[in-house]
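Topology and contacts: notes
Here is what each chain is made of, one letter per residue.
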Amino acid sequence: MDSSENVSAQAAGEERETRRSSADVDAAVLLLGAGVTAATHPLLYVKLLIQVGHEPLPQTVGTTMFGRRVLYLPGFFSYAQHIVKVDGKTGLFRGLSPRIASSVLSTVVRGKVRQMERQSKKDDPQTSLRKVVKETTQEMIIQCLSRVATHPFHVMSVRCMAQFVGREVKYGGMFTCIIRMFKEEGVAGFYVGLMPHMLGEVLFLWCCNLLAHFINTYAVDENFTQAPAIRSYTKFVMGIAVSVLTYPFMLVADLMAVNNCGLAAGLPPRSPIFKSWMHCWNHLSQQGLLFRGSSFFFRRVPVTSLPYRED
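Residues numbered from 1 in each chain as written. Predicted model: local features only at pLDDT ≥ 70, side-chain atom pairs only at ≥ 80, totals over all residues. Heavy atoms only, no water.

An unreviewed UniProt entry lists the protein chain under the name Mitochondrial carrier homolog 1-like isoform X2, from Betta splendens. What the UniProt record of the protein chain gives under Subcellular location (unreviewed entry) is the line "Mitochondrion outer membrane". You can read under Sequence similarities (unreviewed entry) in the UniProt record for the protein chain the words "Belongs to the mitochondrial carrier (TC 2.A.29) family." (UniProt positions renumbered as here; feature names shortened; annotations may be inferred.)

With respect to the pairing of strand S1 (residues 60–63)
Examined bridge by bridge, S1 and strand S2 (residues 69–73) share four bridges and lie antiparallel to one another. When the sheet's bridge partners are listed, threonine 63 is paired in S2 with arginine 69. Linkage of S1 to S2, two consecutive antiparallel strands, is achieved through a turn of five residues, within which glycine 67 is found at a positive phi near 85°. (Pairing = 2+ DSSP bridges. Helix = DSSP H or I, 4+ residues; strand = E, 2+ residues; numbered from the N terminus.)

As for helix H5 (residues 174–185)
For H5, spanning twelve residues, the distance from its first C-alpha to its last is 16 Å, which sits close to the expected 16 Å at 1.5 Å a residue. Residues Met174, Cys177 and Met181 constitute the buried set of H5. Viewed end-on, H5 has its buried residues packed into an arc of 50°, placing them on one side of the element. H5 presents Phe175, Phe182 and Lys183 as exposed residues on the side facing more than 90 degrees away from its buried surface. A positive phi of about 75° marks glycine 186, the residue just after H5. (Expected span 1.5 Å × (residues − 1). Buried < 20%, exposed > 50% of the residue type's maximum accessible area, 1.4 Å probe, protein only. Arc of directions from axis to C-beta.)

Describing the nonpolar core
In terms of nonpolar packing, the biggest core is built from 44 residues, with Val46, Leu48, Leu49, Ile83, Tyr171, Cys280 and Leu284 touching the most fellow members. With sequence-adjacent residues up to four places away left out, isoleucine 83 is seen in contact with Tyr45, Val46, Leu49, Gly88, Gly91, Leu92 and Phe164. (Core = buried A, V, L, I, M, F, W, Y, C linked by side-chain atoms within 4.5 Å. Contact = heavy atoms within 4.5 Å.)

What to know about the packing of aromatic side chains
Evaluation of the coordinates by the stated rule reveals seven aromatic pairs. On the basis of an interplanar angle of 80° and a centroid distance of 6.4 Å, the ring pair of tryptophan 277 and tryptophan 281 is categorised as edge-to-face. Of this pair, tryptophan 277 and tryptophan 281 both sit in helix H8 (residues 277–287), four residues apart, which is roughly one turn of that helix. An aromatic cluster of three or more residues is present, and its members are Phe76, Phe77, Phe296 and Phe297. (Phe/Tyr/Trp six-rings, centres within 6.5 Å; stacked < 30°, edge-to-face > 60°.)

Considerations on the environment of leucine 32
Take leucine 32: it is sitting in helix H1 (residues 2–51). You can call leucine 32 exposed: its relative accessible area is 58%. With 72 residues separating them in the primary sequence, leucine 32 and valine 104 have C-alpha atoms 9.9 Å apart.

See below:
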């Protein structure tokens, strides 16, 4: 009797220890995620300002590798220095708090996903297309739910950053943003640009997973000694390639989050008032600007922006 009680007590203690260690790991992951978000925020800040078309610095003349003279727009470092001159070093972190909230919420959701994946693992072959489709479908559902939960914070962060263009102070802290957006736009205001953002993420997910599967299955030879190493990097490389193709969806989502919200960055003459995200997409496509902001360095002036010269 005593031995069975000791076994039960030991099992309970091990379970408590497991839960405690799991909680410690989760806390560490949350802190790490928040730290990475804070460290990379200046990059996304500059990217957002480029996306909305704000170019406060003069263009420079350069040459290509073939000797052709072209006009270049300022890169990340020049743009960041300009922000520091205007708002100080802390200005590089405008709109950070909603992004951290979004990162924490997304990390929690993805932690739950990992638990579900561990419980649903079966003995299917690793290269089974059925397994890839099943796992991608599950990941897609969770990704969509995560996007619905975190998108309001994304909209708040984008609007806080876009205030740099017109020097507005309409959106301050996170709670101020929530109150103002709810009063002016209702619940719909928190989900402006959700559709293109979600479509871009879903397209990225499916293309990345399926391409990695087909390359690992049919292009990588089993007899090759470095096959396992190549397979481990395939999905990462495919992610980089596919992210370029899905970038226009992210651009349109960010522009829709700012459009017609009362900020100079989203109003004429800087930007037309778009009726829908498709209207925004068509406008950018016609202007040749669907990839505006996709690069931080060696940014050429778009051809449509060059003045017409008559011979």
